[in-house]
Amino acid sequence: MAERSLRGMSIGAKSLESDDNVEFADRTDVSYVCPHGHKTILPLSSEAEPPLEWECRCGQTAKLENAEDEEPNEITKPTRTHWDMLLERRTPEELKTLLEKRLQMKREGWFPDYE
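This is a predicted model, so every value here is computed, not measured.

Rules behind the numbers
Residues numbered from 1 in each chain as written. Predicted model: local features only at pLDDT ≥ 70, side-chain atom pairs only at ≥ 80, totals over all residues. Heavy atoms only, no water. Pairing = 2+ DSSP bridges. Helix = DSSP H or I, 4+ residues; strand = E, 2+ residues; numbered from the N terminus. UniProt positions renumbered as here; feature names shortened; annotations may be inferred. Buried < 20%, exposed > 50% of the residue type's maximum accessible area, 1.4 Å probe, protein only. Contact = heavy atoms within 4.5 Å.

## Some words on the pairing of strand β4 (residues 61-64)
Okay, step 1: As paired strands, strand β1 (residues 27-33) and β4 are joined by two bridges and run antiparallel to one another. In the strand pairing of β4, Val-33 is matched with Lys-63.
Okay, step 2: For strand β3 (residues 53-55) and β4, the ladder comprises three bridges, and the chain directions are antiparallel. By the bridge assignment, Trp-54 is partnered in β4 with Ala-62.
Okay, step 3: From the end of β3 to the start of β4, which pair antiparallel, there are five residues, and Gly-59 there has a positive phi angle of about 100°.

## Considerations on the UniProt feature "binding site: Zn(2+)" (unreviewed entry) in the protein
Okay, step 1: Under the present numbering, the feature "binding site: Zn(2+)" (unreviewed entry) in UniProt falls on Cys-34, His-38, Cys-56 and Cys-58. Across 25 residues, the annotated set stays spatially compact, with a maximum C-alpha separation of 8.7 Å.
Okay, step 2: Note that His-38 resides in the loop between β1 and β2 (39-45).
Okay, step 3: A relative accessible area of 25% means that His-38 is categorised as partly exposed.
Okay, step 4: Apart from residues lying up to four places away in sequence, His-38 is in contact with Tyr-32, Val-33, Cys-56, Arg-57 and Cys-58.
Okay, step 5: Mapped onto the secondary structure, Cys-56 falls in the loop between β3 and β4.
Okay, step 6: Taking relative accessible area as the criterion, Cys-56 reaches 4% and is therefore assigned buried.
Okay, step 7: Every residue in contact with Cys-56, bar those within four places of it in the chain, is listed here: Cys-34, His-38 and Ala-62.

Pasting the structure below:
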């Protein structure tokens, strides 16, 4: 049976295409530096606009090396949290009363225990 087995290439093992007449895109090396001093060099297309920030391997945000710091001069509103929106609807005294009411319902067995 082995003498009758098919012989040939494995699927996906090698490409039958050649690199003739292939022109690669022009690339430039872009450097990013994080606050810990790690330097990351990325090859990007020369036509692409490099991002101002990149995530470093340590998890910090790395800044584009030799980039001008463009600080926005406009004043932005702080982000409203869930707690801020809750305090817009209820007073702290109402929240204390509601908490005590819910805790009493829990003690009386109104809510099932999930353990």
